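Survey of secondary and tertiary structure
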Amino acid sequence: MNARRRHEPGPEVESFYHLRGCDLSGRACQGTACFVARHSSGEAQPCDDPRVYCLGRCFESPATGLSGARPRIEVYSRAPVVLARLVQGGARSLEDYWRDGGYHSLETARAAAPSAVLDEVEKSGLRGRGGAGFPTARKWRTAAAQASVPKYVVANADEGDSGAFSDRILMEDDPHALIEGMAIAAHAIGAARGWIYLRQEYPAARLSLEHALAEVREAGLVGRGFDIEICVGQGGYICGEESALLLSIEGRRPEVMARPPYLTEHGIFGQPTVANNVETFAAVPWIIEHGGDAYQALGFSKSRGTKLVSLNSLFARPGLYEVEFGIPVRRIVEEIGGGLRESVLKGVIIGGPLAGIIPPGLLDTQFGFEELAAIGASAGHGGMIAFDERTSIVDLVRHVFSFGAYESCGKCTPCRLGTRRIEEIFTKADDGEWREIVSALKWTSLCGHGIGLAAFAESVMRYYGEEVASCFV
Ligand SMILES: Cc1cc2nc3c(=O)[nH]c(=O)nc-3n(C[C@H](O)[C@H](O)[C@H](O)COP(=O)(O)O)c2cc1C
Ligand code: SF4
């Protein structure tokens, strides 16, 4: 078989996915933002199977099915970067994008040597917006330095972290920014082909991207020398993890792989591959247009530029906001989000459920990769789920570990079995040895799924220990 051809998925592949052939139109979202919204209003939690963990509508939770409602969109940065067009209503057609100077950055990049593009991205200090905050230029340089061809570029549009809907809105309302960012990356590393790995839960984003790709092919902006294909996921949170994602694109069972080798050396079909998040790519045209120094001037410390934050429905002002790194979390919660609609804040989960909770006493922490990590939290994908005093921590732990168990790829024992055991302990309140399982998750998990669940559990022990202890007496 030609190594570069997609595998024909067999039953061991098909059985992995939760949402194959599933109609999402009437399904209730079971993601964490919807969980806390139902909890606060006293509404029963759905127990549908297969489960849908996030429909990307956390600003209007609890959500059922798909809707065209748009979140409030505002910018709290000295310069709007990724939301610049969205605050003006978006650019869904090539004509609109062109009118606003679209694809000028690609023209500039293609007229320059790939090394000059890499230098500009390096100067900007851009770090990946998908969760880990890895320096983008370093990743691109490694792929560019590989002798093996062809090379590939992948946009991670899986946006599985419950609470985040930023990538969805970017793709629906400004699809060309992603395509332009990918094409610039392709020029910088010498890639011939790209994929957008898009979650099935985002059908409107798919339509928007398909339309945009048809437009740029017709205009000759992609298609010759570099083309992009959309690969639609079939339900599987772990497919957002980049090594699982590439197996999914290849048509193989998407289990996380140990590294090295890294994707930049040995990625899709064994070829050098750059995988970046949608927001990361969407920032690139701005960097090329305004220069790396202008981007570097925004933000603070080791977190430069801006970040999209998605605020859930419990805020008085839920929506999608662009903030500069360095802003105190308190300002996002109290000023931008307007505090909670009702009741009293009990905690904020930033970056999805696989990260530590921020209790009210730590709201003065500045929003930055290292600063949030220092308190056991994470910038993650920028989804911010506030929950109030009506949410029981024990129920929240059960919900998060139920999600963790359901979405585990199954490779590591503490993640495959331990997560189920913790869910069971918190369901029966039987005070089992959950702390040992958390420790095993922390130290032996192969990927951020198990490690993130451990971080979440540790924050629960640290900040809400008394409430948990009272449930076990
Ligand atoms: C369990 C798990 C799920 C992930 N899900 C996503 C996702 O949905 N979207 C995303 O961009 N990155 C996700 N990531 C991070 C990717 O593995 C990878 O770091 C990212 O796509 C790299 O792009 P960036 O450097 O632009 O952030 C996930 C990681 C883990 C461990
Ligand atoms: S930690 Fe969980 S999701 Fe990650 S590789 Fe291990 S079993 Fe798979």
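First, a word on what this report is: a plain description of the structure on this page.

The rules we used
Residues numbered from 1 in each chain as written. Chains lettered and ligands numbered in written order. Predicted model: local features only at pLDDT ≥ 70, side-chain atom pairs only at ≥ 80, totals over all residues. Heavy atoms only, no water. Near = heavy atom within 4 Å. Polar contact = N/O pair within 3.5 Å; in protein donor to acceptor, adjacent residues only side chain to side chain. Areas by Shrake-Rupley, 256 points an atom, 1.4 Å probe, with all protein chains shown as cover. Helix = DSSP H or I, 4+ residues; strand = E, 2+ residues; numbered from the N terminus. Nonpolar A, V, L, I, M, F, W, Y, C, P; charged D, E, K, R; others polar. Phe/Tyr/Trp six-rings, centres within 6.5 Å; stacked < 30°, edge-to-face > 60°. Buried < 20%, exposed > 50% of the residue type's maximum accessible area, 1.4 Å probe, protein only.

As a matter of local geometry, ligand 1 sits amid 20 residues, with G130, N156, N276, N277 and T280 nearest to it. At a separation of 2.7 Å, an oxygen atom of ligand 1 approaches a polar backbone atom of G130. In the model, an oxygen atom of ligand 1 is placed 2.8 Å from a nitrogen or oxygen of the N277 main chain. In isolation ligand 1 offers 620 Å² of accessible surface; the protein chains occlude 91% of this area. The set of elements that each furnish at least two residues to the shell around ligand 1 consists of β5 (273-277) and α18 (448-471). Residue contributions to the shell around ligand 1 peak at three residues, all from β5.

Right, let's get into the site of ligand 2. Of all residues adjacent to ligand 2, which total 13 residues, the nearest are C409, K411, C412, C415 and C447. A class-by-class count of the residues in the shell around ligand 2 yields seven nonpolar, five polar and one charged.

For the rest of this paragraph, the subject is the packing of aromatic side chains. Scanning the model with the defined rule gives 14 aromatic pairs in all. Ring geometry for Y237 and F403: centres 5.0 Å apart, planes at 75°, overall edge-to-face. In this pair, Y237 is assigned in the loop between β4 (227-232) and α10 (242-250) and F403 in helix α15 (residues 393-407), connecting sequence segments 166 residues apart. For Y237, a relative accessible area of 15% corresponds to the buried category. Chaining the aromatic ring pairs together yields one cluster made of Y53, Y237, F403 and Y406.

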